[in-house]
Amino acid sequence: MDWGTVFSQALQSGLGPTAVVYALAAIGLNVNFGYTGLLNFGEAGFMAIGGYFFAAFIATWNLPFWLAIAAGLFFTVILALILGVPTLRLRADYLAIVTIAASEIIRFTLGSVTLLKWFGGQDGLIHFEGAFANANPFHNSVDLGIVAWRPYDFWVLFLGWIVVALGCILVFLAMRSPWGRVMKGIREDEDAVRSLGKNVYLYKMQSLVIGGLFGAVAGFFVALQHTNMNPTWVATDTTFFAYTVLLLGGAARVLGPVVGSIIFWFLIQFLDVMFGQMTSGSHPIMPTWLMNTDQASLMRLIIMGLALMLLMIFRPQGIFGDRRELAIDAR
Amino acid sequence: MLTATRRITNLLLGALGTAVLATLVLVGAGSPAQAAATPVSATAQLCAKPPGHKDDTIHIQGCLKDQRVTPPKPVPDVKITIDDSSGHPVGKGTSNASGVFDIALPGKPIDILGHSYTVKIDSSTLPKHAALRDPRQKSLKVLLRLDSDVFVTFPIADAPTEESQFAQGLQLAVGGLVFAFLLAMASLGLSLIFGTTGLVNFAHGELITFGALAAFAIDQLPGDVSLGGVNVTMVAGIITAIVLSTLFGWLQDKLLWAPLRRKGVGLIAAMIVSIGLSIFLRNIYQYFAGAASHNYTQWTSPAPWHLGSVDITPKEVGVILFSALVLVIVCSAIQFTRIGKATRAVSDNPALAASSGINVDRVISVVWSVGAGLAGLSGVLLGMTQGFDYQVGFKILLLVFAAVVLGGLGSVWGALLGSFVIGIFIEVSTLFVPAELKFVGALVVLIVVLLFRPQGLLGRAERVG
């Protein structure tokens, strides 16, 4: 058992591009769920729209990078508006079901053979990262001793963490403004806010749009990280993982999603490499009748599922959250 | 079932991009004249291996067979042409008496590797009463990745004009009806649990999968269960699945949900717990059952019956009758027995029910057991009709949700109505939308209904937002 490798690979993942993606998605969910109390289970759908339109504008329609970014954001806003009109009047559990259904509609549609010529079907889109890769200022691998990245990966995560930092500042400033207090008010008691003459529906819509935009940016980074955009990146489990990240760090906390994402991906990779090592080699530590390498790769998800349950039961406020602030209940 | 073949065909077409051996099945109609043209036993000659060739060029080969008769018969004299990527014809051939065509590509393999070619079938040369299954699918793209011959086949069926759209719709509706019954059992369980506890259970799909896997365990046991000389292993499997699922539901409530209710965990928190449970169980299932798709081995399906223009297998009839019986029993129990009335009372107002002497915990315990048993049963029957894997329940979970929300969360009759609307809509909608998007249609219906009737079709008109 090589603990050094286990640790360095785990750290590599905790700081890597995947952690960036989930931090961004979880910031979006934090705006929706943590601050406004909207149970948006369709974050993967926003990621899909953002990532796919960004990739398709470049790969399919040969348009410039910045136009593609703008398109990804524009269509995400459109989606949020379309989704918000029928769903924002619904109770939290209905909202969850409808948003998750919407994200599956998007995934099935974008991955369909019918739209193959635009979105590439199940194989997805490739060859859209050219402009981004050309702007890469790093020409050599970045080696920090314990962790090392190829130049392209480092460029993705370097820019990614800057965007995450900007997002956190934005959320911090927004949530201490009067506007942010209305948002928190809606989370605590929607009727009270309504009695003050605020248009709750409009505020919820703004929350959905902003949360969705963070999802879209997460979608850009998914596409750039893998240099490929396909339906598997935006399955419902993506949303579930983002929720786990948010709840682990602590909802309704500015840095909750960031810390949550780093810890989540550190632990996931830690478990994966650890169980992988236990079952590999000619004389594995784990007896083969108990666990083979295929089964070892499932252990991280088994433990993650269990951890999500225990977290929600025993510490719903996560690591940094405030239990009093986070009244998680159906309203 | 028509849709099943279509699904398989889609899979095959999907595999084409990656696999070197792309298999294209020609499900065509053989006229008697053709049968006469191949006097020797059809199976012996069908898809005889193409003659080996000495040249080192890459050949595109294929076999056209008429699968409307058993055993399938070869389809000869169909013209096939091959175009290169710029549309110039580079080769042509005709299927021989055993249905095989074999066309050499010009050029050395090293020069043409990585190029793509379009294989076209001339549908006018097909025998009478046969046509391409998908009339738009007259050509296939082949990308040469390896220096070896490429094998293709073409999906063909009755000409669409032969069967009226109404008859097609009727056939699809039968398939949809079978699925609707399975959906109804799963939805009823979900709706009962929601009604009595308020929990939106994202781990309900795993209860469905549990049933399918429990029966699979019986199916995989060495030997078989016989009763009077008849192999009834599958019946034993179904019974085991119901019993174990019921027990599983009861245990889940006892060990997890009841303590959470006592702890006063909120409904949204409980919902997120159920997401964790879903991820946990799904991966446990994969741990033991593997990622592959399974079928029950001790279960063979007899040939379908033809009722007018509709084909229906005895298996489908059995599934419909058995599910209907179970649903009638459960719904009557809810409507007429003491525990059923207590269940409805708890659904209506738990506090009032408790204060009028109903043991709410016991009712919820029963509801969890029955709900899980129903879900498990729907899992086995789903596995029998279309096969299953470790996430068969998770895949249809959203449809179950759609059915329940459409009918009205917590309403028993709503869950049934919603299931039939969704189940039949999914299949019949393939007349108008591509089969791959049929789930999308059902989910869009869900959102549209909520737009105009947020409480669902049969839900109480209370505030849901």
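Residues numbered from 1 in each chain as written. Chains lettered and ligands numbered in written order. Predicted model: local features only at pLDDT ≥ 70, side-chain atom pairs only at ≥ 80, totals over all residues.

Colleague: How do you make sense of the overall build of chain B when you look at a structure like this?
Modeller: In terms of regular secondary structure, chain B is built from 15 helices and 15 strands. Counting all 465 residues of chain B, 47% fall into the buried class. Long-range pairs, those at least 24 residues apart, make up 74% of the contacts in chain B with a sequence separation of at least 6. (Helix = DSSP H or I, 4+ residues; strand = E, 2+ residues; numbered from the N terminus. Buried ≥ 20, exposed ≤ 12 C-beta atoms within 10 Å, placed from the backbone. Contact = placed C-beta atoms within 7 Å.)

Colleague: Sorry, what's going on with the overall build of chain A here?
Modeller: When helices and strands are tallied, chain A shows 14 helices and four strands. Against the compact-globule benchmark of 20 Å for 331 residues, chain A has a radius of gyration of 20 Å, which places it among compact chains. Taken over the C-alpha atoms alone, chain A extends approximately 70 × 50 × 35 Å along its principal axes. Every one of the 331 residues in chain A was classed for burial, and the buried ones make up 53%. (Rg over C-alpha atoms; globule rule 2.2 N^0.38 Å.)

Colleague: Would you mind going over the packing of helix α4 (residues 65-87) of chain A against helix α11 (residues 200-226) of chain A with me for this structure?
Modeller: A pair of packed helices is captured by two measures, namely the crossing angle of their axes and the spacing between those axes. All names here are of chain A. Interhelical geometry of α4 versus α11 gives an angle of 140° and a closest axis separation of 9 Å. Like other packed secondary-structure pairs, α4 and α11 cross with a definite hand, here right-handed. On the side of α4, the interface is formed by Ile69, Gly72, Leu73, Thr76, Val77, Leu79, Ala80, Leu83 and Gly84, while α11 contributes Met205, Leu208, Val209, Gly212, Leu213, Gly215, Ala216, Gly219 and Phe220. Per-class residue counts for the contact of α4 with α11 are 12 nonpolar, six polar and no charged. (Axes fitted to C-alpha atoms, helices over the stretch in contact; angles between N-to-C directions. Left-handed = near helix turned anticlockwise from the far one by under 90°. Nonpolar A, V, L, I, M, F, W, Y, C, P; charged D, E, K, R; others polar.)

Colleague: For this particular structure, what's the right way to read helix α9 (residues 178-188) of chain A?
Modeller: Because the α-helix completes a turn every 3.6 residues, residues three or four places apart line up on one side. Residues and elements named next belong to chain A. Every buried residue of α9 is listed here: Met183, Ile186 and Arg187. Projection of α9 onto a plane perpendicular to its axis shows the buried side chains occupying an angular sector of 105°, all on one side. Tucked inside the fold, the buried residues of α9 contact α2 (17-35), α8 (151-175), α10 (190-195) and α11. (Arc of directions from axis to C-beta.)

Colleague: So what exactly am I meant to see when it comes to the interface of chain A and chain B here?
Modeller: A common way to state how big an interface is: give the accessible area lost once the parts meet. Contacts between the two partners involve 41 residues from chain A and, on the opposite side, 39 residues from chain B. At the level of elements, α5 (92-110), α12 (236-249) and α14 (293-314) of chain A are the ones that each hand at least two residues to the side of chain A that touches chain B. The dominant element in the side of chain A that touches chain B, judged by the number of residues it contributes, is α5 of chain A, at 13 residues. Here the side of chain A that touches chain B is built from residues that sort into 29 nonpolar, six polar and six charged.

Colleague: Would you mind showing me how to read the sheet that holds strand β5 (residues 89-94) of chain B here?
Modeller: Within a sheet, each strand pairs with its neighbour through backbone hydrogen bonds, oriented either parallel or antiparallel. All names here are of chain B. Here we have four strands laid out as an open sheet, ordered β5-β4-β7-β9, and antiparallel in their pairing. In the strand order of this sheet, the two ends are held by β5 and β9 (139-143), each with one partner. Recorded for the sheet is a direction-independent mean angle of 20° between the axes of neighbouring strands. The sheet contact formed by strand β7 (residues 116-121) and β9 spans five bridges and is antiparallel. Paired with Val119 across the two strands is Leu140, which belongs to β9. (Pairing = 2+ DSSP bridges.)

Colleague: Would you mind going over the environment of Ala345 of chain B with me for this structure?
Modeller: Residue and element names in this part refer to chain B. Assignment of secondary structure puts Ala345 in helix α10 (residues 338-348). A sequence separation of 91 residues divides Ala345 from Lys254, and the C-alpha atoms of the two residues are 21 Å apart. The residues touching Ala345, leaving out its near neighbours within four places in the chain, are Ala353 and Ile358.

Colleague: How should the sheet that holds strand β6 (residues 100-104) of chain B be read in this particular structure?
Modeller: Residue and element names in this part refer to chain B. Strand order in this open sheet of three strands is β6-β1-β10, and the pairing throughout is mixed. Lying at the two open borders of the sheet, with one neighbouring strand each, are β6 and β10 (150-152). On average, each strand axis in the sheet is inclined to that of its neighbour by 20°, with strand direction left out of account.

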